[in-house]
Amino acid sequence: MNTKKFLKKVYCLIPLKQSFLTILKRFYTPSRNVYQHLHFEGNFKVEVTREIEFCIKHYGLVVENEIFWSGIFGGWEKYSLMIWADLCRQAKVVFDIGANTGVYSLLAKAVNNDAEVFAFEPVERVFKKLKNNITLNKFDVHSINKAVSNSNGKAIIYDKNTKHTYSVTVNKDLSEDRASSVEVEIDTVTLDHFIQNEDLDQVDLLKIDVETHEAEVLMGFQKSLARSRPSFIIEILNNEIAEKIEMLVKGMSYEFYNINETTGITKVSKLSKSDSYNYLICQHSIAQKLKDRNPHIFSN
């Protein structure tokens, strides 16, 4: 057994890891190279401001571990989350598409309890973690075990026999090891259909993270998109997707902001592969207010 595997095995045997790491964090935060190995399973509080917090279950996964050690605005997607929290404070209807364990949904509800938040997650075992986090906080977030797409009905995702997944997409297998993929049938819904069924007058804000299926999400959202002109934080992983998204919002007076999670947010004239993962797409008036409130994260 090599040293790395031995240390990992020893670490798994240590009792009361959460208590020990919580105390350690009060006095010292290790570097990311170290703390990425220091995880546990259990509930912990996430401080948004001195007055606002929410709880989340740590399943020993990377995102929750980043948040535990670095805070909600200190590590994983920190600038995306800062802008999201700011936008959520004024939003009435919020959609979290590709919610996973619900970080964006929980943050939305924590900063604005009056907002109506809808979280979509198609992977059953991940959806259960999302539901657990919602229940843990006693939030009235609407959780939907479906994938948002450009049609209503059924589709296929290519899952893995793993404890958790952060990456599946509708009708595509993007994994390097396709031989280990498991075909799973899921339900799909378009946002226009969902919005009509829920009798929603408007949509103010969306987070869309669906692993290259973002254009299809917007294809099924054209009526409501043109009517509401909401703001959204959207993942753009390649230039082909960027071109499709730009065409789908053409003529709606949107501005584009590339979110680099290390250096900050920059206005661009054209969509392309993101510097990190996400873009902010919003109207000029919204962008100006965000800049006024968060000048330190927007470049000139």
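The structure this text deals with has already been given above.
**Q** Before we go on, may I ask you to explain helix H5 (residues 78-88) in this structure?
**A** Owing to its 3.6 residues per turn, the α-helix brings residues three or four apart onto one side. For H5, the buried fraction is high: 10 of the 11 residues fall into the buried class. Those residues of H5 that sit buried are Tyr 79, Ser 80, Leu 81, Met 82, Ile 83, Trp 84, Ala 85, Asp 86, Leu 87 and Cys 88.

**Q** Mind showing me how you'd approach the pattern of salt bridges here?
**A** As a working rule, side chains carrying opposite charge can pair if their charged atoms are close by. Per the counting criterion, the structure on display carries 10 salt bridges. In this structure, Arg 293 engages Asp 86 in a salt bridge whose closest nitrogen and oxygen atoms are separated by 2.7 Å. In this pair, Arg 293 sits in helix H12 (residues 284-293) while Asp 86 sits in helix H5, placing the two residues 207 residues apart along the sequence. Take Arg 293: its relative accessible area is 42%, and that puts it in the partly exposed class. The salt bridge involving Lys 154 is made with Asp 187; its shortest N-O contact spans 2.5 Å. With Lys 154 in strand S7 (residues 153-159) and Asp 187 in strand S8 (residues 182-189), this pair connects stretches of sequence that are 33 residues apart. A relative accessible area of 55% means that Lys 154 is categorised as exposed. Exposure remark for Asp 187: the relative accessible area of 29% places this residue in the partly exposed category.

**Q** What is the right way to read the packing of aromatic side chains from this model?
**A** For any two aromatic rings, the description comes down to two numbers: the centre-to-centre distance and the angle of the planes. Under the counting rule described, the total for this entry stands at 14 aromatic pairs. Seen from their ring centres, Phe 118 and Phe 194 are 5.5 Å apart, and the 85 degrees between their planes marks the pair as edge-to-face. You can see Phe 118 sitting in strand S4 (residues 116-120) and its partner Phe 194 sitting in helix H8 (residues 191-198), a full 76 residues away along the chain. With respect to burial, Phe 118 and Phe 194 carry one shared label: buried. Between Phe 232 and Tyr 254, the ring centres sit 5.6 Å apart and the planes meet at 70 degrees, which makes this aromatic pair edge-to-face. You can see Phe 232 sitting in strand S10 (residues 231-235) and its partner Tyr 254 sitting in strand S11 (residues 254-260), a full 22 residues away along the chain. The buried category is assigned to Phe 232, whose relative accessible area is 0%. Among the aromatic residues, ring-to-ring pairing joins Tyr 35, Phe 40, Phe 44, Phe 68 and Trp 69 into one connected group. Across from the ring centre of Tyr 59, 5.2 Å away, lies the NZ or CZ of Lys 129, which sits over that ring.

**Q** Hey, could you run me through the sheet that holds strand S6 (residues 147-148) in this one?
**A** The strands that make up a sheet pair up through hydrogen bonds in the backbone, lying either parallel or antiparallel. Here 3 strands make up an open sheet; going across it, the order is S6-S8-S7 and the pairing mixed. The two strands at the open ends of the sheet, each matched to only one other strand, are S6 and S7. In this structure, S6 lies alongside S8, joined through 2 bridges in parallel fashion. For Val 148, the partnering residue across the bridge sits in S8 and is Val 189.

Analysis parameters
- Residues numbered from 1 in each chain as written.
- Predicted model: local features only at pLDDT ≥ 70, side-chain atom pairs only at ≥ 80, totals over all residues.
- Heavy atoms only, no water.
- Buried < 20%, exposed > 50% of the residue type's maximum accessible area, 1.4 Å probe, protein only.
- Helix = DSSP H or I, 4+ residues; strand = E, 2+ residues; numbered from the N terminus.
- Salt bridge = Lys/Arg side-chain N within 4 Å of Asp/Glu carboxyl O.
- Phe/Tyr/Trp six-rings, centres within 6.5 Å; stacked < 30°, edge-to-face > 60°.
- Lys NZ or Arg CZ within 6 Å of the ring centre and 35° of its normal.
- Pairing = 2+ DSSP bridges.

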